[in-house]
Amino acid sequence: MLETIFNAANWFALPFWALMILLPGWKVTHRVMESLLPIALLATVYLYLLVTGFNADTLQEFSNPQLSLSSLTSLFSQPSVMATGWVHYVVMDLFVGRWIFLEGWEKRVWTTHSLLLCLFAGPVGLLSHLLTVTVVQGIRKGRPGVVGADQSAEVPQESS
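Being a predicted model, the structure only gives us computed values, none of them experimental.

1. Details of the overall build of the chain
On a plain count of helices and strands, the chain comes out with eight helices and zero strands. Seen in sequence order, the chain has helices and strands lined up from the N terminus as α-α-α-α-α-α-α-α. The contacts of the chain with a sequence gap of at least 6 include a subset with a gap of at least 24, amounting to 63%.

This is the structure:
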């Protein structure tokens, strides 16, 4: 059962990544990614794994303020803990990827590279997106006549 849930969570997330990376301009992609339902469904799977997969000893060990790396390694050697942790990554990476996608669209910034990085190394993808937005906005501010998402187009007044 645990293996099935683990695999289902992985396979469930992949079509959303495919839409954002391969079909970013498709109206369906935007409609799907504007919804928080996929994130909520994965978060529900995570909650289920957390509630059913952790016993009192595991919870006590996780709440230990002096939790060591070796203790954490031991905890994650348990399949139920590892599956829960992995689904945590899947949920959070997809949430961040969704944010990158939507913000990139709003600010008219290319996001494919950041989404690929986020899919495989979440925080690196986030950092890539933040740097990309900063660079693109800096370039736009330095070039007269280029309108960025945070700038408004000024329409020249015709002289009479």
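2. Here we look at the pattern of salt bridges
Summed over the entire model, instances satisfying the criterion amount to one salt bridge. Between Glu103 and Lys107 there is a salt bridge, with the nearest N and O atoms lying 3.3 Å from each other. Highlighted residues: Glu103 and Lys107, both in helix 6 (residues 79-107), separated by four residues, approximately one helical turn.

3. With respect to helix 1 (residues 2-22)
For helix 1, which comprises 21 residues, the first-to-last C-alpha distance of 31 Å matches the rise-based estimate of 30 Å (1.5 Å per residue) to within 8%. Taken residue by residue, helix 1 has Ile5, Ala9, Ala13, Phe16, Trp17, Leu19, Met20 and Ile21 as its buried positions.

4. Structural notes on the packing of aromatic side chains
Counted according to the given criterion, the structure contains four aromatic pairs. When the centroid spacing of 5.5 Å and the interplanar angle of 15° are considered together, the rings of Phe54 and Phe62 count as stacked. For Phe54, a relative accessible area of 13% corresponds to the buried category. Here Phe62 and Phe76 contribute two aromatic rings whose centre-to-centre distance is 6.0 Å and whose plane-to-plane angle is 90°, an arrangement assigned as edge-to-face. Separated by 14 residues along the polypeptide, Phe62 in helix 4 (residues 56-62) and Phe76 in helix 5 (residues 69-76) bring together distant segments of the chain. Residue Phe62 is classed as partly exposed on the basis of its relative accessible area, which comes to 28%.

5. Notes on the nonpolar core
The biggest cluster of nonpolar side chains holds 19 residues, and the ones touching the most others in it are Ala13, Trp17, Met20, Leu42, Leu94 and Leu115. If you list the elements that add at least two residues to this core, you get helix 1, helix 3 (37-53), helix 6 and helix 7 (112-120). No other element matches the seven residues that helix 1 contributes to this core. Discounting chain neighbours no more than four positions away, the residues touching Leu42 are Ala9, Phe12, Ala13, Val87, Val90, Val91 and Leu94.

Scoring rules and cut-offs
Residues numbered from 1 in each chain as written. Predicted model: local features only at pLDDT ≥ 70, side-chain atom pairs only at ≥ 80, totals over all residues. Heavy atoms only, no water. Helix = DSSP H or I, 4+ residues; strand = E, 2+ residues; numbered from the N terminus. Contact = heavy atoms within 4.5 Å. Salt bridge = Lys/Arg side-chain N within 4 Å of Asp/Glu carboxyl O. Expected span 1.5 Å × (residues − 1). Buried < 20%, exposed > 50% of the residue type's maximum accessible area, 1.4 Å probe, protein only. Phe/Tyr/Trp six-rings, centres within 6.5 Å; stacked < 30°, edge-to-face > 60°. Core = buried A, V, L, I, M, F, W, Y, C linked by side-chain atoms within 4.5 Å.

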